[in-house]
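Descriptive structure summary
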Amino acid sequence: MDLSQGLAFAAQHKRGGCCTRKRDGHPQLSNIAYRVENGTFDISITADRAKYFNLKRDPWAALHITQDNFWAYAVFEGPVELTPVAADPNDATVELLIETYRAMAGEHPNWDEYREAMVNDKRLVVRLTADHAYGMLPAQ
């Protein structure tokens, strides 16, 4: 599969599994929600979990996305960048978290409450730039 085909598939979905590497090289996997735009996946995470520490140490991840019926999938691999942890309800990280939320779920019922929660949760955005894709896509 070429990268553009995989990205078109990813744009039709919003959830997947993210794989990072633990200190010992073994995989650490977790379910995530994402938005994809221009070949970059934005993923909201918290700064107190294994995924964050793994990505700070080794800024690479793989993202596995399946079709709802499970018979098609795409895997994206690439380097990641981490935004700063949200520190103020009006900082750039919170603004990016709002963009990401809107792309995944639409409008939030209370944006002020959401902004505060992003700071309290110590949220940030992982930006995975896909440089490789493989998988099995549905016939077109």
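The following refers to the structure shown. (Residues numbered from 1 in each chain as written. Predicted model: local features only at pLDDT ≥ 70, side-chain atom pairs only at ≥ 80, totals over all residues. Heavy atoms only, no water.)

With that out of the way, let us pick up the pairing of strand S6 (residues 123-129). Taking burial as the measure, the seven residues of S6 include five buried ones, the bulk of the element. One ladder, built from seven bridges, connects strand S3 (residues 40-46) with S6; its direction is antiparallel. In the sheet register, Ile45 faces S6, and the bridge partner there is Leu124. (Buried < 20%, exposed > 50% of the residue type's maximum accessible area, 1.4 Å probe, protein only. Helix = DSSP H or I, 4+ residues; strand = E, 2+ residues; numbered from the N terminus. Pairing = 2+ DSSP bridges.)

Moving on to the environment of Glu95. Following the sequence through the fold, Glu95 ends up in helix H3 (residues 92-105). Residue classification places Glu95 among the partly exposed positions, given a relative accessible area of 32%. Setting aside its immediate chain neighbours within four residues, Glu95 contacts Asn90 and Arg115. (Contact = heavy atoms within 4.5 Å.)

Further remarks concern the nonpolar core. Of all hydrophobic cores here, the largest spans 25 residues; its most connected members are Ala10, Tyr34, Phe41, Ile65 and Phe76. Excluding residues within four positions of it along the chain, Ile65 makes contact with Phe9, Ala10, His13, Arg15, Tyr34, Phe41, Ala72, Tyr73, Ala74 and Phe76. Counting residues in each nonpolar core, the second largest holds ten residues, with Leu96, Leu97, Tyr114 and Met118 among its members. (Core = buried A, V, L, I, M, F, W, Y, C linked by side-chain atoms within 4.5 Å.)

Viewed as axis vectors pointing N to C, H3 and helix H4 (residues 111-120) meet at an angle of 120 degrees, and their least axial separation amounts to 10 Å. By the angle class used here, H3 and H4 are oblique. Relative to H4, H3 is oriented so that their crossing is right-handed. For the pair formed by H3 and H4, the contact residues are Val94, Glu95, Leu97, Ile98, Tyr101 and Arg102 on the first element and Trp111, Tyr114, Arg115, Met118 and Val119 on the second. Here the contact of H3 with H4 is composed, by residue class, of eight nonpolar, no polar and three charged. (Axes fitted to C-alpha atoms, helices over the stretch in contact; angles between N-to-C directions. Parallel < 35°, antiparallel > 145°, perpendicular 65-115°, else oblique. Left-handed = near helix turned anticlockwise from the far one by under 90°. Nonpolar A, V, L, I, M, F, W, Y, C, P; charged D, E, K, R; others polar.)

The next subject is the side chain of Arg115. The residue Arg115 is located in helix H4 in this model. In this structure the side chain of Arg115 is engaged in a polar contact, spanning 2.8 Å, whose partner is the backbone oxygen of Pro89. In this structure Arg115 touches Pro89, Asn90, Val94, Glu95 and Ile98, once residues within four positions along its chain are discounted. (Polar contact = N/O pair within 3.5 Å; in protein donor to acceptor, adjacent residues only side chain to side chain.)

In the structure shown here, the tally under the stated rule is eight salt bridges. Here Asp42 makes a salt bridge to Arg35, at a shortest N to O gap of 3.0 Å. Of the two residues, Asp42 and Arg35, neither departs from the other in class, the shared state being buried. Bridged by salt links that share partners, the residues Arg35, Glu37, Asp42, Glu99 and Arg127 form one connected network. (Salt bridge = Lys/Arg side-chain N within 4 Å of Asp/Glu carboxyl O.)

A word on the environment of Asp88. When you line up the elements, Asp88 lands in the loop between strand S5 (73-82) and H3. Residues Asp88 and Arg115, 27 residues apart in the sequence, show an inter-C-alpha distance of 8.1 Å. Excluding anything up to four places from it in sequence, Asp88 contacts Val94 and Val119. Within polar-contact distance, the side chain of Asp88 engages the backbone nitrogen of Asn90 at 2.8 Å.

Before going further, it helps to spend a moment on H3. For H3, with 14 residues, the first-to-last C-alpha span of 20 Å sits near the 20 Å given by 1.5 Å per residue. For H3, the full list of buried residues reads Thr93, Val94, Leu96, Leu97, Ile98 and Thr100. Where H3 begins, one side-chain oxygen reaches toward the backbone nitrogen of Thr93, 3.2 Å away; that side chain belongs to Asp91. Positive backbone phi, at 90 degrees, marks Gly106, one or two positions downstream of H3. (Expected span 1.5 Å × (residues − 1).)

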